[in-house]
Amino acid sequence: MKSAILMLLDRALSVLNTCTGRDSLCKCVQYLCLLVPLPPSSASFQLHYNMWLTRKLLRPGLLLHHLSALLQLSREPGESLALVGAGLGAGFCLLDFPVLLRELKVGNVGAKAVVRVLKAKYVLWLGLCAARVWKEVQGILQEMRVSETREREEEGEEGLKRLARVLMNFFDAVLPVYYLRWVRIESKTVGVIGA
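The rules behind each value
- Residues numbered from 1 in each chain as written.
- Predicted model: local features only at pLDDT ≥ 70, side-chain atom pairs only at ≥ 80, totals over all residues.
- Heavy atoms only, no water.
- Helix = DSSP H or I, 4+ residues; strand = E, 2+ residues; numbered from the N terminus.
- Expected span 1.5 Å × (residues − 1).
- Buried < 20%, exposed > 50% of the residue type's maximum accessible area, 1.4 Å probe, protein only.
- Axes fitted to C-alpha atoms, helices over the stretch in contact; angles between N-to-C directions.
- Parallel < 35°, antiparallel > 145°, perpendicular 65-115°, else oblique.
- Left-handed = near helix turned anticlockwise from the far one by under 90°.
- Contact = heavy atoms within 4.5 Å.
- Nonpolar A, V, L, I, M, F, W, Y, C, P; charged D, E, K, R; others polar.
- Polar contact = N/O pair within 3.5 Å; in protein donor to acceptor, adjacent residues only side chain to side chain.
- Salt bridge = Lys/Arg side-chain N within 4 Å of Asp/Glu carboxyl O.
- Phe/Tyr/Trp six-rings, centres within 6.5 Å; stacked < 30°, edge-to-face > 60°.

Undergrad: Quick one: what's the story with unusual backbone geometry, residue by residue and with numbers?
TA: Even without glycine at this site, K105 takes up a positive phi of about 60°. Its place among the elements puts K105 in the loop between α5 (96-103) and α6 (111-145). Unusually for a residue other than glycine, R181 sits at a positive phi of about 60°. Assignment of secondary structure puts R181 in the loop between α7 (152-179) and α8 (187-194).

Written as structure tokens, this is what we have:
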């Protein structure tokens with residue numbers, strides 16, 4: 001029988017062995033750094049920048065994840081919302097390449113082009129969050145329709161997981177709204193929401 005520590009380590013490794021798991025870890029560290037507002041020369045700012053750049057460098061793996069989901073979902077009837085979400089996710093990842101090229105000083109990507117790309121990327125990100133929230137809401141509604149056939153405990157656990165995903169995507173949607181400057185939010189608040 002495995003100890004609780006080994007089970008926790010196994011779970012952490014299984015999450016970090018995925019593109020989305022690595023991205024989530026880097027995102028958490030990146031946004032936690034915003035909780036400490038320090039000048040650009042500080043270690044916190046450098047760590048924030050390094051995590052931002054690492055996420056951009058890992059985007060090809062995340063792009064492959066979304067493309068794989070697109071191919072798989074295109075074969076399954078009734079998965080149109082998930083298909084839209086995978087398409088938005090792939091587009092989001094593709095739009096990171098000009099930003100990365102500009103940051104690495106590869107090619108001739110202008111600052112104005114990057115600003116336009118970033119705006120488009122944030123709109124896709126917002127659409128992706130909305131698609132994910134709607135998919136979870138549909139799942140909750142479906143669960144409510146078939147609730148008589150399940151045990152209450154199992155139903156409650158799945159419902160809580162769905163609700164947690166809805167809340168995570170709702171909070172995630174605040175970030176592109178912030179970056180698009182549609183609302184003014186303090187960087188500490190963005191740090192808490194992003195983490």
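From this point on, the discussion continues.
Undergrad: Any chance you could break down α6 for me, citing the residues and the numbers?
TA: For α6, which comprises 35 residues, the first-to-last C-alpha distance of 51 Å matches the rise-based estimate of 51 Å (1.5 Å per residue) to within 8%. Within α6 the residues assigned to the buried category are V114, V117, K121, Y122, W125, L128, C129, A131, E136, G139 and E143.

Undergrad: Could you give an account of the packing of helix α2 (residues 19-32) against helix α3 (residues 43-74), naming the residues involved and the relevant values?
TA: Direction vectors running N to C along α2 and α3 enclose 160°, while the axes themselves pass 9 Å from each other. On the basis of the axis angle, α2 is roughly antiparallel to α3. As α2 runs across α3, the sense of the crossing is left-handed. Contacts between α2 and α3 involve C19, T20, R22, D23, C26, K27, V29, Q30 and Y31 on the former and, on the latter, L47, H48, M51, W52, T54, R55, L58, R59, G61, L62 and H65. Among the residues forming the contact of α2 with α3, the class breakdown is nine nonpolar, six polar and five charged.

Undergrad: Can you tell me about the side chain of R162, naming the residues and giving the values?
TA: You can see R162 is positioned in helix α7. Among the polar contacts listed, one links the side chain of R162 to the side chain of E136, at a separation of 3.1 Å. Excluding residues within four positions of it along the chain, R162 makes contact with K135, E136, G139, I140 and E143.

Undergrad: Describe the environment of G87, listing the residues and the values that go with them.
TA: Summarising the element assignment, G87 is placed in helix α4 (residues 80-94). A relative accessible area of 31% means that G87 is categorised as partly exposed. In sequence terms G87 and L124 are 37 residues apart; their C-alpha atoms lie 9.5 Å from each other.

Undergrad: Account for the pattern of salt bridges, with residues named and values stated.
TA: The final tally for this structure, using the stated rule, is eight salt bridges. Overlapping salt bridges bring together D23, R55, K56, R59, D96 and K121 as one network.

Undergrad: Quick rundown of the packing of aromatic side chains? Include the residues and the values.
TA: Tallied over the entire structure, the rule returns seven aromatic pairs. A centroid spacing of 5.6 Å and a plane angle of 55° characterise the contact between F92 and W125, whose relative ring orientation is tilted. Placement of the pair is F92 in helix α4 and W125 in helix α6, with a sequence separation of 33 residues. Among the residues examined, W125 registers a relative accessible area of 8% and is labelled buried.

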